[in-house]
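# Notes for the structure review
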Amino acid sequence: QLQAFGGGLVQPGGSLRLSCAASGSIASIAAMAWYRQAPEKWRELVAVVTSTGITKYADTVEGRFTISRVNAQNTVYLQMNSLKPEDTAVYYCTAQIRRTAFTPTNDYWGQGTLVTVSS
């Protein structure tokens, strides 16, 4: 119920835009975020945006990546510029979703989309 799009192969210095849409019954979404996992590495937080638009980035992507969301569409984006080979990873979106007014908030994860930065 979280579906990510936009991965692919890009040359160093290039750009990509990832998107991720939440579907199903949704009362509210708190934070939305992007994580990534490179081969043989731990999954790491890339960027997070709160429901009020406050953002935070990993030091490794600060100034190059921009996270944004459209609340009316339950969608989060990750604009990635000046990509480097070390940005190569599977990127996952996640969202804290409350399905109804009477249920708790739970974390949901998308299926992941592969970003490869290579010449």
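To keep things clear, this report deals only with the structure shown in the data block. Along each chain, numbering runs from 1 in the same order as the chain's sequence is written. Predicted model: local features are reported for residues with pLDDT of at least 70 only, side-chain atom pairs are reported and counted for 80 or more only, and whole-chain, interface and lining totals are derived from all residues. Side-chain measures here rest on the full set of heavy atoms in the structure, leaving out hydrogens and waters.

## Considering the overall build of the chain
Scanning the chain for helices and strands turns up 0 helices and 11 strands. Helix and strand definitions follow DSSP, with helices as H or I runs of at least four residues and strands as E runs of at least two, each counted in order from the N terminus. Along the chain, from the amino end to the carboxyl end, the secondary structure elements read β-β-β-β-β-β-β-β-β-β-β. Every radius of gyration here is taken over C-alpha atoms, with the globule rule written as 2.2 Å times N^0.38, N being the number of residues. In summary, the chain has a C-alpha radius of gyration of 14 Å against a globular reference of 14 Å for 119 residues, a match within 12%. Principal-axis analysis of the C-alpha atoms places the extent of the chain at approximately 50 × 25 × 25 Å. Each residue is assigned to one of three classes by its accessible area relative to the maximum for its type, calculated with a 1.4 Å probe on protein chains only: buried under 20%, partly exposed between the two thresholds, exposed over 50%. By residue count, 39% of the 119 residues in the chain fall in the buried class.

## Describing the side chain of Arg-99
Tracing the sequence through the fold places Arg-99 in the loop between β9 (89–98) and β10 (105–109). Working convention for charge: Lys and Arg count positive, Asp and Glu count negative, and His plus the chain ends are omitted. By definition, a salt bridge exists where a carboxyl oxygen of Asp or Glu is found within 4 Å of a side-chain nitrogen of Lys or Arg. Among buried Asp, Glu, Lys and Arg side chains, Arg-99 stands out as unpaired, with Asp-107 the closest opposite charge at 11 Å.

## Observations regarding the sheet that holds strand β1 (residues 2–5)
Note on pairing: two strands pair once DSSP finds at least 2 bridges between them. Here we have 4 strands laid out as an open sheet, ordered β1-β3-β8-β7, and antiparallel in their pairing. Among the strands making up the open sheet, the edge pair consists of β1 and β7 (65–70). Averaged over all pairs of adjacent strands, the angle between strand axes in this sheet comes to 15°, irrespective of strand direction. In this structure, β1 lies alongside strand β3 (residues 16–22), joined through 4 bridges in antiparallel fashion. From the neighbouring strand, Leu-2 faces β3, where its bridge partner is Ala-22. Under this scheme, a helix contributes an axis fitted over its contacting stretch, all axes are lines through C-alpha atoms, and angles between N-to-C directions fall in the 0 to 180 degree range.

## Focus on the pattern of salt bridges
Across all of its chains, the model carries 3 salt bridges by this definition. Between Asp-87 and Arg-36 there is a salt bridge, with its nearest N and O atoms 2.9 Å apart. Taken together, the residues span a long stretch of sequence, with Asp-87 in the loop between β8 (75–80) and β9 and Arg-36 in strand β4 (residues 28–37) at a distance of 51 residues. Per residue, the accessibility class of Asp-87 equals that of Arg-36, and both read buried. Linked by salt bridges that have partners in common, Arg-36, Glu-44, Arg-64 and Asp-87 make up one network.

## Remarks on the nonpolar core
Side-chain atoms within 4.5 Å are what join buried Ala, Val, Leu, Ile, Met, Phe, Trp, Tyr and Cys residues into a set we call a nonpolar core. One finds Trp-34, Leu-78, Met-80 and Tyr-91 to be the most contacted residues of the largest nonpolar core, which totals 30 residues. Looking at this core, the elements that each hand over two or more residues are β1, β3, β4, β5 (44–49), β7, β8, β9 and β11 (113–117).

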